Every structure is written in C-alpha cells, then in structure tokens.
Amino acid sequence: MKSLSAAARRATPLLRSDIPAAVPARRVTGTGSVLSAILDHGPVARSTVARLTGLSPASVTSHVGQLLARGLVRESAETAGPRGLGRPHIPVEIDTGRYLVAGAHIAVAHSTVSLMDLRGRIVAEDRQPHRTTDPHRLLAGLAERLPRLVSARAAERTVLALGVATGHRVDPVAGTIVEHPLLGWRDVPVRDVLSAATGLPVHVDSHSRALARAEQMFGEASTRASMVLLFIGAVVDAAFATEGAMHRGPRSGAGSIAHLPLGAGGSGGAEPCPCGRSGCLQSEVSERAMVRRAAEQGLLVASFRELLDQALAGEARAVALFRRRAGLVGRAAALLLDMFDPAVLVVVEPGAGRIPECLADLREQVAERSWVCDDPERAVVPSSFTGSVLATAGGAVALGALYADPLGPWPALPAVS
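Residues numbered from 1 in each chain as written. Predicted model: local features only at pLDDT ≥ 70, side-chain atom pairs only at ≥ 80, totals over all residues. Heavy atoms only, no water.

A. Main features of the confidence of the model for the protein. Mean pLDDT for the protein: 90, with 89% of residues reaching 70 or above. Contacts from residues 1-27, a stretch scored under 50 in pLDDT, to residues over four places away or in other chains number 25 contacts. (pLDDT = per-residue confidence, 0-100. Contact = heavy atoms within 4.5 Å.)

B. Representation of the side chain of Asp171 within the structure. Structurally, Asp171 is set in strand 7 (residues 169-171). For the buried Asp171, which has no salt bridge, the nearest side chain bearing the opposite charge is Arg248, at an N-O separation of 4.6 Å. Here the side chain of Asp171 touches Val173 through a polar contact of 3.0 Å, landing on its backbone nitrogen. A distance of 3.2 Å separates a polar side-chain atom of Asp171 from the backbone nitrogen of Ala174. If near-sequence neighbours (up to four positions away) are discounted, Asp171 is found in contact with Thr176, Val178 and Ser252. (Helix = DSSP H or I, 4+ residues; strand = E, 2+ residues; numbered from the N terminus. Buried < 20%, exposed > 50% of the residue type's maximum accessible area, 1.4 Å probe, protein only. Lys, Arg positive; Asp, Glu negative; His and termini not counted. Salt bridge = Lys/Arg side-chain N within 4 Å of Asp/Glu carboxyl O. Polar contact = N/O pair within 3.5 Å; in protein donor to acceptor, adjacent residues only side chain to side chain.)

C. Quick look at the packing of helix 2 (residues 30-41) against helix 15 (residues 389-404). At a minimum axis distance of 7 Å, the contact between helix 2 and helix 15 shows a crossing angle of 120 degrees. Comparing their axes, helix 15 and helix 2 come out oblique. Facing helix 2, whose interface residues are Gly32, Leu35, Ser36 and Leu39, helix 15 presents Leu402, Tyr403 and Ala404. (Axes fitted to C-alpha atoms, helices over the stretch in contact; angles between N-to-C directions. Parallel < 35°, antiparallel > 145°, perpendicular 65-115°, else oblique.)

D. Examining the packing of aromatic side chains more closely. Across all of its chains, the model carries 3 aromatic pairs by this definition. When the centroid spacing of 6.4 Å and the interplanar angle of 85 degrees are considered together, the rings of Phe218 and Tyr403 count as edge-to-face. With a gap of 185 residues between them, Phe218 in helix 7 (residues 207-218) and Tyr403 in helix 15 connect regions that are remote in the sequence. Taking relative accessible area as the criterion, Phe218 reaches 23% and is therefore assigned partly exposed. In this structure Tyr403 comes out as buried when scored by relative accessible area, which is 2%. With a centroid separation of 5.6 Å and an interplanar angle of 55 degrees, the aromatic rings of Phe304 and Phe322 are classed as tilted. Residue Phe304 is located in helix 10 (residues 304-312), and its partner Phe322 is located in helix 11 (residues 316-340); the two are separated by 18 residues in the primary sequence. Taking the relative accessible area as the measure of exposure, Phe304 reaches 10% and is therefore buried. Looking at Phe322, the relative accessible area reads 0%, which means it is buried. (Phe/Tyr/Trp six-rings, centres within 6.5 Å; stacked < 30°, edge-to-face > 60°.)

E. Focus on helix 4 (residues 57-70). The end-to-end C-alpha separation of helix 4 is 20 Å, in line with the 20 Å expected for 14 residues at 1.5 Å each. Every buried residue of helix 4 is accounted for by Val60, His63, Val64, Gln66, Leu67 and Arg70. All buried residues of helix 4 fall inside an arc of 160 degrees around its axis, so they share one side. Counted as exposed and oriented over 90 degrees from the buried face of helix 4: Pro57 and Ala58. Those residues of helix 4 that are buried are in contact with helix 2, helix 3 (46-53), strand 1 (73-75), strand 2 (92-94) and strand 3 (99-106). Gly71 lies just past helix 4 and shows a positive phi near 80 degrees. (Expected span 1.5 Å × (residues − 1). Arc of directions from axis to C-beta.)

F. A look at the sheet that holds strand 13 (residues 245-247). The sheet built from 5 strands is open, its strands ordered 13-12-11-14-15 with mixed pairing. Looking along the sheet, the strands with just one partner apiece sit at the ends: strand 13 and strand 15 (380-382). Neighbour-to-neighbour, the strand axes of the sheet open up by a mean angle of 25 degrees, direction not taken into account. Pairing between strand 11 (residues 226-232) and strand 14 (residues 344-348): 5 bridges, direction parallel. The partner of Phe231 across the bridge, within strand 14, is Val348. Of the strands in this sheet, strand 14 and strand 15 are in contact with helix 13 (residues 356-369), which crosses strand 15 at around 160 degrees. (Pairing = 2+ DSSP bridges.)

In structure tokens, the structure reads:
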C-alpha cells in the first residue's frame, strides 16, 4: 500500500481527465441550522431561534418538532416573559441523555477510541499503542475495543455513528485513507471495513478538518467566518475553511503542508527529510524530530509524551526544544496567514496550548514575518481542545455529519415524516 515516489508521480503528468469531478460541498439543512442555533444558545425559545436563523417561526416550529421526535433536543422548564408578563414559552436545548457518537483517531504509534455526547464533551477515551500497522488488523482492533468502552461508559445511551480521523490525505466522500506515508497506507477503505465490523454508520475525514469543524461547532467562534488550522504532531498538516465550508481539493490533498520548506531551523542545521530534501516543516517539528533532538542534547526520553511532561515540569532543555519548535511553527503560520488571510489561525500543538512562552514565541514570529496579520494576539490562537485533541477529532467527524443533516439516514434515530 506504499505510495508512488515523488519522482514517479512527476514522470506521469496529471491530465485534466484524471481529476475527479468536484463534489458539491454539503450545505447545512434548515433543520441543521436550527439544531446548531440550539447548540449555541440553548436553552433557547423557538422565537429566538427564528431570529437567529432567519427562518420563519412556522418553519422553526416544524424543525424543532422533528428534532424532538428524533430525541436530539428536549424541552426545558417553561418560562414567562419579563416580570411574568406575556405568553409563556418553552425553551429547547440539546438532549445529551439519549445518544452519543463514537470516535477513533489513528496516529502513527497509537490509536484513540472515544465517546462524545451531542454537545461535544468527551465521555470516555481509550488510547492504545499499535500492535501492528497492517490496516485491516489495526481497524479490526479498533472495532473490538469500541463495544467494551460503550459497555463501561455509555450509561445506556445509544451510539449513533462512528467518526474516524487520521493525518495526511483522507477522502471523506469515498470513506478512504488515500495516503498515509508514515503508516505505509494507501487507498484503505476505512468506512467499508468499520461499517461491516461495527454495524454503525461510519464517517471518515482528516484530523485537521475534523478539529477545524470541532472549533466551528464547540470552540473558537471566530473560526466560523474563515480559518486555517495547523496541526503539529507526529504528522504535520492543515485545514482551510471559508464561509464555514472546508476546502478539501479534488484529490483530497488540501492541507498537505508536511514538505513546506523552512530551511535550517537554528543550531544544528536543517533536518533531513524522507523526501530527500532538508528543512521540510514536518522533518523539523514532528514528534520524532523532537525526540531525536532531545537525545542529541543528552535528554534521554522514551517518547514525545515524556518530553512534553519534562517541559511542563520546567526542565530547561525540554522547554528550549519546545520554544524552538514554536518559532519554526510561527514561520509556517506566517506563510499560511499571508496565503489565506483567514479571520483566525488555530494552532494544534501542545507547547502552544500549555507553555505560555511557546505561544508568545510563535506569535512573535508571525508578527515579524507576516505581511497581512497585524494582530497576532487575536489572529493566532491555540486549540480549544488542548489535552483532548485526539479524542475530539474522531467524534467531531461524526458530530459534524449529524449537525449538518440531523434528518438524514441515522438508523438508531426514530424515523420522522
């Protein structure tokens, strides 16, 4: 399942006929707009939902009735108008007591299975190291872990769907991992395999797009206008959204920034990259590169997580490595800000989220290098999900699909007319 080399791809020019037909972006339904407004403002009156969405009161009443019938929202205690005057109304809010979604995130060295309620809160998670990177055996292991987690933590709530997220190129329409070089995967039919194994509807997307959607639903409100999300982990990639819609690209390649050239990153020169060049973004800032640089400085750690723990404990060499990383990420962030001019750039990187000096260093690089970003304090923010990024990513894939189309084919939900 290895991909073709870069040289082989260049030797076979891409023809216009090779590019798949564009799939129209999924637009949020009227019912989806109502559900999202209830998520944002609930408990909220139907009349307020009408003002928020621009839909007629009659339409909102109809949509809310369908959401009530499906058990996705519930009515709260009746309230009256100001000082007890006016006709009482019954607010509605998201019902978190009936349903959950499941998530799975596939990283390079481990995978995380999680449960999430309909407000995006993590109910449970289980992270395990890979025993194999064979795709079918790894996916079978994920499917086996899910029922145990549901039995232990779901509290009799029904799981509606499974969302799967990972790095590199993912085609959400086909439900496949197109290419994950670090796992050696190519064209893996994740949706088909996991649907057959779990009996659940399965939705698949890149972790960057999933986390960007999570920000739009539950996190940084400014991301709803336009955003770039920069993911820095074992894999380095990005997601881009404008007017609420994610840009995927005709080959599901948007956000493939692993080989963005940075050149030498300070003392020690540029890191060699498997692509044959030096100074690529991923080779400079990935978790593997961080652990290798720690060893060069005599800081022996068994894993990136251990290195992070030492930095959080104040170990000077570990902190210095994370601050160096933040500076390099800031250089990449400045390029992306100039390229897309988004309302906000979200950085998913534990140093930026948990070590104040790292976020300051990152913003300093943006201020120095970006031509369009005049307020890095506002425009560059850490992830809203620091500490639960991987558990959030998979569940957000499923919840994104639910909020976009709550009246769609969800087998566990009651049918509505």
